[in-house]
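Coordinate analysis (summary)
One letter stands for each residue in the lines below.
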Amino acid sequence: MNCLSGIEKSNIKTKIIIMDNESTDGAPLMIKQAIKNKFFKYLDIELMECKRIEGDKITNICNIRKTLSEKVKTNFFFFLDADLFLPRMGLSLMLDIIQSNQNAGYIAISYKPFNMHQGLGCAMIRTEAIKNIKWEKKQNEGCECNSVFEQIRNQGYQPMNLSKLSALDLNI
């Protein structure tokens, strides 16, 4: 719910698709109640469910990201993992940067000092770039993020990383 609050604070009209893959932590029920009771007044939220597939956690995350990317009908696609906080101006800052640079394929925020991994957990990607992604992790790779970013670069796009910027710097 905290990540949704961060999106709502951005004051950007947003369509949000939340994908649940058989979560057991009660989150889907909380989301359904929030939608029903219009807890987030300015967000258009849709809860979708997908079956957990065979394999490890990363395989399931790849499947969810692939399914979500197929639903996109906007110019930009934004991943925000439920366990991350979106900095107050993070979404608008990312949108401004990617819109002002036509060569930017994606922009991501790393969560230093909490997480040194610059991945898809908080990343905005051009929809035209994401539609060509093969969602899989490479052999001996911890997650799919590096593979996805490499595929975007191979399409001729440049990365725009906010790696020197931490969540604390953006006033969560």
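Residues numbered from 1 in each chain as written. Predicted model: local features only at pLDDT ≥ 70, side-chain atom pairs only at ≥ 80, totals over all residues. Heavy atoms only, no water.

**With respect to the nonpolar core**
- One finds Leu4, Ile45 and Met124 to be the most contacted residues of the largest nonpolar core, which totals 24 residues.
- Contributions of two or more residues to this core are made by α1 (2-9), β1 (14-20), α2 (27-36), β2 (43-49), β3 (76-80), α4 (90-100), β4 (104-109) and β5 (122-126).
- Not counting chain neighbours up to four residues away, the residues in contact with Ile45 comprise Leu4, Ile16, Ile18, Ile31, Ile35 and Phe40.
- Grouped together as the second largest cluster of nonpolar side chains are 23 residues, Val72, Phe79, Ala123 and Ile125 included. (Core = buried A, V, L, I, M, F, W, Y, C linked by side-chain atoms within 4.5 Å. Buried < 20%, exposed > 50% of the residue type's maximum accessible area, 1.4 Å probe, protein only. Helix = DSSP H or I, 4+ residues; strand = E, 2+ residues; numbered from the N terminus. Contact = heavy atoms within 4.5 Å.)

**Side note on the packing of aromatic side chains**
- One pass over the full model with this rule turns up three aromatic pairs.
- Judged by centre distance (4.0 Å) and plane angle (15 degrees), the rings of Tyr106 and Phe149 are stacked. In this pair, Tyr106 sits in strand β4 while Phe149 sits in helix α6 (residues 145-154), placing the two residues 43 residues apart along the sequence. With respect to class, Tyr106 is no different from Phe149; both count as buried.
- The ring of Phe79 has Arg65 sitting right over it, with the charged end atom 4.8 Å from the ring centre. (Phe/Tyr/Trp six-rings, centres within 6.5 Å; stacked < 30°, edge-to-face > 60°. Lys NZ or Arg CZ within 6 Å of the ring centre and 35° of its normal.)

**With respect to the environment of Asp44**
- On the secondary structure map, Asp44 appears in strand β2.
- In this structure Asp44 comes out as partly exposed when scored by relative accessible area, which is 42%.
- Along the chain, Asp44 and Ile16 lie 28 residues apart, while their C-alpha atoms are 5.9 Å from each other.
- Asp44 has contacts with Thr14, Lys15 and Ile16, leaving out every residue within four places of it along the chain.

**Describing the pattern of salt bridges**
- Counted by the stated rule, this structure contains four salt bridges.
- Residues Lys15 and Glu46 are paired through a salt bridge, measuring 3.1 Å at the closest nitrogen-oxygen approach. Pair noted here: Lys15 is in strand β1 and Glu46 is in strand β2, with a separation of 31 residues, a long-range link.
- Residue classification places Lys15 among the partly exposed positions, given a relative accessible area of 44%. (Salt bridge = Lys/Arg side-chain N within 4 Å of Asp/Glu carboxyl O.)

**Some remarks on α2**
- Within the sequence span of α2, burial applies to Pro28, Ile31 and Ala34. One face of α2 carries all of its buried residues, which in axial projection span an arc of 125 degrees. With respect to the buried face of α2, the exposed residues turned more than 90 degrees away are Leu29 and Lys36.
- Just beyond α2, the residue with positive phi is Lys38, at close to 50 degrees. (Arc of directions from axis to C-beta.)

**Structural notes on the confidence of the model for the chain**
- This prediction gives the chain a mean pLDDT of 77; 79% of its residues lie at or above 70.
- Element-level mean pLDDT values for the chain span from 74 in helix α3 (residues 57-69) up to 89 in α2.
- Contacts of residues 166-172 to residues separated by more than four positions or lying in other chains number 21 contacts, the stretch itself having pLDDT below 50. (pLDDT = per-residue confidence, 0-100.)

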